[in-house]
Amino acid sequence: MERTCDRLSLERLRRHLTTEVVGHHVYIFDTVDSTNHVLAGLADRGAAEGTVVLAEAQTAGRGRHGASWFSPEGANLYVSVLFRPRLAPRELPLFAPIASLALAETIWLEGAPARIKWPNDVVVRGRKLGGVLVEAPVIGGRVVHVILGIGVNLNVQPAEMAAALGPAAAEAAVSLREALGHELDRNVFAAALLGRLEKWHHTFVSRGPEAVRVAWQARDALRGHRIEAHVGDDVCVGRGRGIDLDGSLVVEDDRGQARHVVAGAVRMLDAPELDD
Ligand code: BTN
């Protein structure tokens with residue numbers, strides 16, 4: 001499909017980048033299997049904290065739970081960022097939200113009412129605009145590094161999504177171009193996103209996970225809504241009550257009891273379009 005938008009370029013990205021650590025080293029590729037995979041290789045060879053990998057297209061873009069991530073060429077943003085925090089594995093669920101927070105803020109500043117659907121989906125009026133894949137190898141009880149892989153539907157056309165994903169999946173997704181009614185400059189958007197990511201990384205390191213949790217909850221798409229969480233064979237229905245300090249989703253069931261969902265799929269049962 002023909003694109004009118006700019007190619008990703010180091011020069012154009014740097015023109016807008018205001019960060020010190022995130023994006024100090026940037027690699028831009030035409031096509032890779034997965035930016036997370038490429039960055040994992042660089043991390044194993046000693047890449048520095050803040051190293052960024054971007055690609056115009058992915059042939060094997062990865063989503064959560066083994067799903068694939070639709071990654072057409074030249075339309076969207078596929079970016080992975082390396083961090084080397086001193087974390088125990090149990091602390092990861094509150095480190096990863098720095099990525100969804102940064103993404104939601106960047107989209108919000110572009111003018112679309114972005115919210116975060118637990119754990120790290122970014123939605124606009126209930127439709128998914130972006131997501132985060134966290135990959136963090138653990139050796140000897142310590143997290144070796146964290147790769148935050150962010151995929152954002154920026155300029156992809158609805159017809160292209162429908163053709164690739166099918167009508168139902170395409171209806172559940174949205175691009176920022178569709179939400180705003182104009183095309184996005186991907187270099188400008190990437191620079192802004194990396195800036196917000198550096199900011200939230202700094203907040204996590206200097207003020208701790210509680211500061212991240214408070215900000216995340218202010219953008220929580222599920223808070224106060226009636227939701228259904230599938231945890232293995234169990235189904236938990238109730239109202240979203242934010243996240244706990246271990247990153248679990250808190251659901252208040254119909255008897256008023258707080259249930260903690262550590263992993264699983266969540267569905268909103270009441271009108272998502274009222275969520276702005
Ligand atoms: C999700 O399922 O919501 C997470 C999607 C994450 C996709 C991004 S695109 C850049 C990075 N590379 C990958 O292979 N996946 C992530």
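Cut-off values and rules
Per chain, residues are indexed from 1 in the order of the written sequence. For a predicted model such as this one, the threshold for reporting local features is a pLDDT of at least 70, and the threshold for listing and counting side-chain atom pairs is 80 or more; totals across whole chains, interfaces and linings nevertheless cover every residue. The side-chain quantities take in all heavy atoms of the structure and omit both hydrogens and water. By the criteria applied, helices consist of DSSP H or I runs no shorter than four residues and strands consist of E runs no shorter than two, each listed in order from the N terminus. Relative accessibility decides the category of a residue: with a 1.4 Å probe and only protein chains considered, values under 20% of the type maximum give buried, values over 50% give exposed, and everything between is partly exposed. Should any heavy atoms of two residues lie within 4.5 Å, those residues are counted as being in contact. Computed by Shrake-Rupley with a 1.4 Å probe, the accessible areas treat only the displayed protein chains as cover when residues are assessed. Working convention for charge: Lys and Arg count positive, Asp and Glu count negative, and His plus the chain ends are omitted. Where a charge lies is defined by one atom per residue type, namely NZ (Lys), CZ (Arg), CG (Asp) and CD (Glu). Here, a strand pair is defined by DSSP locating no fewer than two bridges between the strands. Definition of nearness: a residue and a molecule or strand are near each other if at least one heavy atom of the residue lies within 4 Å of the molecule or strand. By the criterion applied in these results, polar contacts are pairs of N or O atoms within 3.5 Å in which, for protein atoms, one can donate a hydrogen and the other can accept it, and in which residues neighboring in sequence qualify only through two side-chain atoms. Cavity: a set of points on a 1 Å grid over the protein atoms alone where a 1.4 Å probe fits but cannot get out. Pocket: an open set with protein on both sides within 12 Å along at least five of seven lines, its lining residues, like those of a cavity, having an atom within 4 Å of a point. Whether a molecule lies in a cavity or pocket depends on its atoms, and more than half of them have to be within 2 Å of the grid points. Axis lines are fitted through C-alpha atoms, for helices just across the contact stretch, and the angle between N-to-C directions can take any value from 0 to 180 degrees. Here roughly perpendicular refers to angles of 65 to 115 degrees, roughly parallel to angles under 35, roughly antiparallel to angles over 145, and oblique to all remaining angles. Two helices cross in a left-handed way if the nearer one is turned anticlockwise from the farther one by less than a right angle. They cross in a right-handed way if the turn is clockwise.

This next bit is on the overall build of the chain. Each helix and strand counted, the chain has eight helices and 14 strands in total. Here the C-alpha coordinates of the chain stretch approximately 55 × 45 × 30 Å along the principal axes. Taken over 276 residues, the chain has a buried fraction of 52%. Partitioning the contacts of the chain with sequence separation of at least 6, the portion at a separation of at least 24 is 65%. With the model as given, the accessible surface of the chain reaches about 12400 Å², and the carbon-plus-sulfur share is 51%. Positive and negative charge centroids in the chain, built from 31 and 35 side chains respectively, lie 3 Å apart.

What follows concerns the pairing of strand S2 (residues 52-58). Most of S2 is tucked away: seven of the seven residues are buried. Relative to S2, strand S1 (residues 26-32) runs parallel, the two being bridged by six bridges. Paired with phenylalanine 29 across the bridge in S2 is alanine 55. By the bridge criterion, four bridges tie S2 to strand S3 (residues 77-83) in an arrangement that is antiparallel. The residue bridging leucine 54 from the neighbouring strand is valine 79, located in S3.

So, about the site of the ligand. Taken together, 20 residues sit near the ligand, with Ser34, Gln58, Arg62, Arg64 and Lys128 positioned nearest. Here a nitrogen atom of the ligand and a side-chain polar atom of glutamine 58 are 2.9 Å apart. Burial of the ligand by the protein chains amounts to 98% of its free accessible area of 420 Å². A majority-of-atoms criterion places the ligand in the largest pocket.

A sheet is described by the order of its strands in space; here five strands give the open sequence S13-S12-S11-S10-S14, paired in antiparallel fashion. The sheet is open, and its two edges are formed by strand S13 (258-261) and strand S14 (265-268), each paired on a single side. Put simply, the sheet's adjacent strands are angled 45 degrees from each other on average, direction ignored. The pairing of strand S12 (residues 249-253) with S13 spans four bridges and is classified as antiparallel. Among the inter-strand pairings, valine 251 is bridged to a residue of S13, identified as arginine 259.

Turning our eyes to something else, we now look at the packing of helix H3 (residues 97-110) against helix H7 (residues 186-207). It is the contact of H3 with H7, at a shortest axis distance of 8 Å, that shows an interaxial angle of 135 degrees. As summarised for this structure, H3 and H7 are arranged oblique, according to the angle between their axes. Considering how the two elements wind past one another, H3 and H7 form a crossing that is right-handed. Across the interface between the two elements, Ile98, Ala99, Leu101, Ala102, Leu103, Glu105, Thr106, Ile107, Leu109 and Glu110 of H3 pack against Phe189, Ala192, Leu193, Arg196, Leu197, Lys199, Trp200, His201 and Phe204 of H7.

This part is about the sheet that holds S1. Strand order in the open sheet formed by seven strands is S1-S2-S3-S9-S6-S5-S4, with mixed pairing between adjacent strands. Edge positions in the open sheet fall to S1 and strand S4 (114-117), since each of these has one partner strand only. Neighbour to neighbour, the strand axes of the sheet diverge by 20 degrees on average, direction disregarded. The pairing of strand S6 (residues 127-135) with strand S9 (residues 146-152) spans six bridges and is antiparallel. Looking at the pairing, glycine 131 lines up with glycine 151 of S9. This element, helix H2 (residues 35-44), spans S1, S2, S3, S6 and S9 of the sheet and lies at about 25 degrees to S3. Docked against the sheet, H7 engages S2, S3 and S9, running at close to 30 degrees with respect to S3.

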